[in-house]
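The chain contents come next:
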Amino acid sequence: MIDGPYFVLALLGVLGCGLVAGVFCGFSTFVMRALAQLPPAQGVAAMNAINTAAVRPAFMLVFLGSAVLSAVLAVVTFVLLPDDGAVELLLGSALYLFGAFGVTIAANVPRNDALSKLEPGTPEAAAHWPTFVREWTMWNHVRMIASAAAAVSYTLALT
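Residues numbered from 1 in each chain as written. Predicted model: local features only at pLDDT ≥ 70, side-chain atom pairs only at ≥ 80, totals over all residues. Heavy atoms only, no water.

A. Structural detail: the overall build of the protein chain. Within the protein chain one finds 5 helices and 0 strands. The N-to-C order of helical and strand elements in the protein chain reads α-α-α-α-α. By principal-axis analysis of the C-alpha atoms, the protein chain measures approximately 60 × 20 × 20 Å. Burial statistics for the protein chain: of 159 residues in total, 38% are counted as buried. Considering only residue pairs separated by 6 or more positions, the protein chain has 82% of its internal contacts joining residues 24 or more positions apart. Approximately 8,200 Å² of the protein chain is accessible, and the part contributed by carbon and sulfur atoms is 75%. Charged side chains in the protein chain number 6 positive and 8 negative. The centres of these two groups are separated by 15 Å. (Helix = DSSP H or I, 4+ residues; strand = E, 2+ residues; numbered from the N terminus. Buried < 20%, exposed > 50% of the residue type's maximum accessible area, 1.4 Å probe, protein only. Contact = heavy atoms within 4.5 Å. Areas by Shrake-Rupley, 256 points an atom, 1.4 Å probe, with all protein chains shown as cover. Lys, Arg positive; Asp, Glu negative; His and termini not counted. Charge placed at Lys NZ, Arg CZ, Asp CG, Glu CD.)

B. Fine view of the nonpolar core. The biggest cluster of nonpolar side chains holds 19 residues, and the ones touching the most others in it are Ile-2, Cys-17, Phe-24, Leu-73, Leu-89 and Tyr-96. Every element with two or more residues in this core is listed here: α1 (4-37), α3 (57-80), α4 (86-116) and α5 (123-158). Looking at this core element by element, the count peaks at 6 residues for α5. Sequence-distant contacts of Leu-89, that is, excluding residues within four places in its chain, are made with Tyr-6, Ala-10, Leu-73, Thr-77, Tyr-154 and Ala-157. Listed in part, the 12 residues of the second largest apolar core include Phe-27, Val-31, Met-32 and Val-44. (Core = buried A, V, L, I, M, F, W, Y, C linked by side-chain atoms within 4.5 Å.)

C. How the structure looks around the packing of aromatic side chains. Per the stated rule, a full pass over the model turns up 7 aromatic pairs. Pairing Trp-129 with Phe-132 gives two aromatic rings, centres 5.6 Å apart and planes at 15°, and the pair type is stacked. With a gap of 3 residues between them, Trp-129 and Phe-132 both fall in helix α5, about one helical turn apart. Here the two residues Trp-129 and Phe-132 agree in accessibility, since each one is buried. Aromatic side chains Phe-132 and Trp-136 sit 6.4 Å apart centroid to centroid with 25° between the ring planes, which places their arrangement in the stacked category. Separated by 4 residues within a single helix, Phe-132 and Trp-136 lie in helix α5, roughly one turn from each other. You'll find Phe-132 and Trp-136 in the same group, each marked buried. Taken together, the aromatic side chains of Phe-24, Phe-59, Phe-63, Tyr-96 and Phe-101 make up a single cluster linked through ring pairs. (Phe/Tyr/Trp six-rings, centres within 6.5 Å; stacked < 30°, edge-to-face > 60°.)

Given below as structure tokens:
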């Protein structure tokens, strides 16, 4: 079993990744379904408002903090190569950094940016909305699973 600073870092990793997984789970299971049921103009406007509201200290601290923590855990694990929990710590870090943070940057944010450039009541926005919902939600599923798996991996490092 790991202890000392590793224990604290891994425990914070469980907490951060679990919280992020919960946010992504909410979006995958009901928020995007509800937005998809709205008329396109309302759905586009609501999603743009959500994307603006998400960039606040509370969420960004957890989301970006978990990325920084995952990077720190990976680097420290590579440098020190502990006997216990190394595989789980590295796996958890990779899952969060690539599957949650990386997918956000590479897939979800570009879709959000493209959506924000559309005027909600236009035919272009109405035509784009179903594709946005489908693709954004698919990538969000990936982020949700990766964040949850990272939390599980960090938890296994604690045992």
